[in-house]
Amino acid sequence: MAPRRFLTLAGCIAVAAGAGYLLLRPEPVPVETAIVGEGRFVAAVVVEGRTRIGERYVVSAPVAGRLDRVGLKAGDRVARGDVVAVIRPSPPPLVDPRLRRELEDRFGTAEAQAEEAEAAQASALAAHGKALADFARTRELRARGVATAAAFDRDQALAEQTGRDLAAAERRAHAALHRRAEAAEALRRGSGTAELEAFEVRAPVDGVVLRVSQENETATRPGMAILEMGDVADLEVIADPLTTEAVEMRPGAEVVVAGWGGRQPLAGRLRVVEPSAFTKVSALGVEEQRTWVVVELTSPPEARRTLGDGFRVEAQITVEEIDRAILVPVGAIFRRDRRWHVFVVEHGRARLRGIEILRHAGGLAAVAAGLQPGMPVIVFPPSRLADGTMVRTR
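Keep in mind that this is a model prediction, so the values were computed, not measured.

The rules behind these values
- Residues numbered from 1 in each chain as written.
- Predicted model: local features only at pLDDT ≥ 70, side-chain atom pairs only at ≥ 80, totals over all residues.
- Heavy atoms only, no water.
- Helix = DSSP H or I, 4+ residues; strand = E, 2+ residues; numbered from the N terminus.
- Polar contact = N/O pair within 3.5 Å; in protein donor to acceptor, adjacent residues only side chain to side chain.
- Contact = heavy atoms within 4.5 Å.
- Salt bridge = Lys/Arg side-chain N within 4 Å of Asp/Glu carboxyl O.
- Buried < 20%, exposed > 50% of the residue type's maximum accessible area, 1.4 Å probe, protein only.
- Phe/Tyr/Trp six-rings, centres within 6.5 Å; stacked < 30°, edge-to-face > 60°.
- Lys NZ or Arg CZ within 6 Å of the ring centre and 35° of its normal.
- Expected span 1.5 Å × (residues − 1).
- Pairing = 2+ DSSP bridges.
- Core = buried A, V, L, I, M, F, W, Y, C linked by side-chain atoms within 4.5 Å.

## A word on the side chain of Thr389
Residue position: Thr389 is located in the loop between β20 (376-379) and β21 (391-393). Here Ala386 takes part through its backbone oxygen, which lies 2.9 Å from a polar atom of the side chain of Thr389. Leave out the neighbours within four places in its chain, and Thr389 touches Val29, Gly348, Arg349 and Ala350.

## Brief notes about the pattern of salt bridges
Pairing of side chains with opposite charge becomes possible as their charged atoms draw close. Summed over all chains, the structure comprises 24 salt bridges. Note that Asp68 and Arg88 form a salt bridge whose closest N and O atoms lie 2.9 Å from each other. One end of the pair, Asp68, is in the loop between β4 (65-67) and β5 (77-78); the other, Arg88, is in strand β6 (residues 83-88), and 20 residues separate them in sequence. Asp68 sits in the partly exposed class, given a relative accessible area of 21%. Linking Glu314 and Arg312 is a salt bridge whose minimum nitrogen-to-oxygen distance equals 3.2 Å. Residues participating in the shared-partner salt-bridge network are Arg56, Arg211, Glu228 and Asp309.

## Examining the packing of aromatic side chains
Within this structure, the stated rule accounts for three aromatic pairs. Ring centres of Phe135 and Phe152 lie 5.4 Å apart, and the angle between their planes is 45 degrees; this geometry places the pair in the tilted category. Here Phe135 is found in helix α2 (residues 97-144), whereas its partner Phe152 is found in helix α3 (residues 149-190), with 17 residues between them in sequence. In this arrangement the basic side chain of Arg335 is found over the ring face of Trp340, its NZ or CZ atom lying 5.0 Å from the centre.

## Some details on α2
If you check α2, its first and last C-alpha atoms are 71 Å apart, about what 48 residues at 1.5 Å a residue would give, namely 70 Å. For α2, every residue scored as buried is listed here: Leu103, Ala110, Ala114, Ala117, Ala124, His128, Ala131, Asp134, Phe135 and Thr138. Positive phi appears at Gly145, one or two residues downstream of α2, with a value of about 85 degrees.

## Observations regarding unusual backbone geometry
Positive phi, close to 65 degrees, is recorded for Arg338, a residue that is not glycine. Along the chain, Arg338 falls in the loop between β16 (334-336) and β17 (339-346). Exposure remark for Arg338: the relative accessible area of 77% places this residue in the exposed category. The phi torsion at His347 lies on the positive side, around 55 degrees, for a residue other than glycine. Looking at the element boundaries, His347 is found in the loop between β17 and β18 (349-361).

## As for the sheet that holds strand β3 (residues 56-60)
Through backbone hydrogen bonds, the strands of a sheet pair up, either in parallel or in antiparallel fashion. Strands sit in the order β3-β10-β8-β5 across an open sheet of four strands; the sheet is antiparallel. The sheet is open, and its two borders are formed by β3 and β5, each paired with just one other strand. Here β5 pairs with strand β8 (residues 207-212) via two bridges, running antiparallel. Residue Val78 lies in a different strand from β8, and its bridge partner there is Gly207.

## Looking at the nonpolar core
Residues Phe41, Met249, Val255, Val257, Leu270 and Ile317 are the most contacted members of the largest nonpolar core, which totals 29 residues. Every element with two or more residues in this core is listed here: β2 (37-53), β11 (235-239), β12 (254-258), β13 (266-281), β14 (287-297) and β15 (312-329). With seven residues, the top contributor of residues to this core is β15. Not counting residues within four places of it along the chain, the set of residues in contact with Val257 comprises Val237, Pro265, Leu266, Leu297, Val313 and Glu314. Counting 16 residues, the second largest nonpolar core, distinct from the first, contains Val78, Ala85, Val201 and Leu227.

## Things to note about the side chain of Thr51
Inspection of the secondary structure assignment puts Thr51 in strand β2. Residue classification places Thr51 among the buried positions, given a relative accessible area of 0%. Apart from the residues within four sequence positions on either side, Thr51 is in contact with Leu235, Glu236, Val237, Leu307, Gly308, Asp309, Gly310, Phe311 and Val313.

## Let's talk about the pairing of β6
Successive side chains on a regular strand alternate, one facing one side of the sheet and the next facing the other. Alignment of β4 against β6, held across two bridges, turns out to be antiparallel. The residue of β6 that forms the bridge with Leu67 is Ile87. As defined by bridge partners, β6 adjoins strand β7 (residues 199-202) across four bridges and the pair is classed as antiparallel. Its bridge partner being in β7, Val83 is matched across the sheet by Arg202.

Now the structure itself:
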């Protein structure tokens, strides 16, 4: 009986110990895992920007006057040389009867002076003609020895003097006629019967009207903007990234333009990074140093037909590319003891492993050392997870 009792007691103890172990053993921690991959790693800076037309033209008034109502609207297409606006000279001010009489008197005086000058010119022309004829006859007689030397000198001097008088009379007549024309124009404008000539403003290039600055009839001054125009097919993107981001950007880098409302993103290329920065206050009141970058769109105009000037976009500017990089989700990495670590799943347990990161972007991190493709890593590890903890993959 003793051996049988001993075996029964030992069995009971073993069952109790197994039940206690099952009741007291730690439960595996449920975790989510991802597989370390290998592929092309692209680091990009995403910055908000807007579109603009590369070459825009401001059509302005070249002369002062009065602008007719502009019939063009934003979106209208115009060709080079088309009339886009008409400027008419400003009408003369109203003239009272007293000023009109003064203008009439001035015109009468100028007309009388002109007639007098014309008469004096005719008289001088006749005198010069007679003097030339007398001098020709005296010269012929002098050649035959009949006329004296004194008569020859007198007629020669008289011909020269009448020539000078004729030239002076012609100048006076020309000045008198000019004054008469000015007085007649002043009287014509003062009476309100002058015909005002219009000036036509023409389009400098082929394009589309972007904005009409002066739509209604109004007085103009030289240089006043009337409308803006440009070619919507000549679009580019401008953005203002932080200077700490711009230092990594290189002209010629690939750019993906998204968030513009179209179904497909657009392709672009970074054209220039401006060397001068400016200060911008953020929405939180923090001063930031930013600079402008310009992206030229390489997608055909057919792919962005509905995209216009000043539209909001998101520019993803590539700053680094790594071929055949070891890729791990950013959610799997964390800092500990000033180093990057991950938890790798080995035989149902979490194993802490230190790694070296080249850089991370877009939800992925490029690993330089510590991991191999195909390894399962724990994504968003719980705070209670430690090295050697049993885990259960969801």
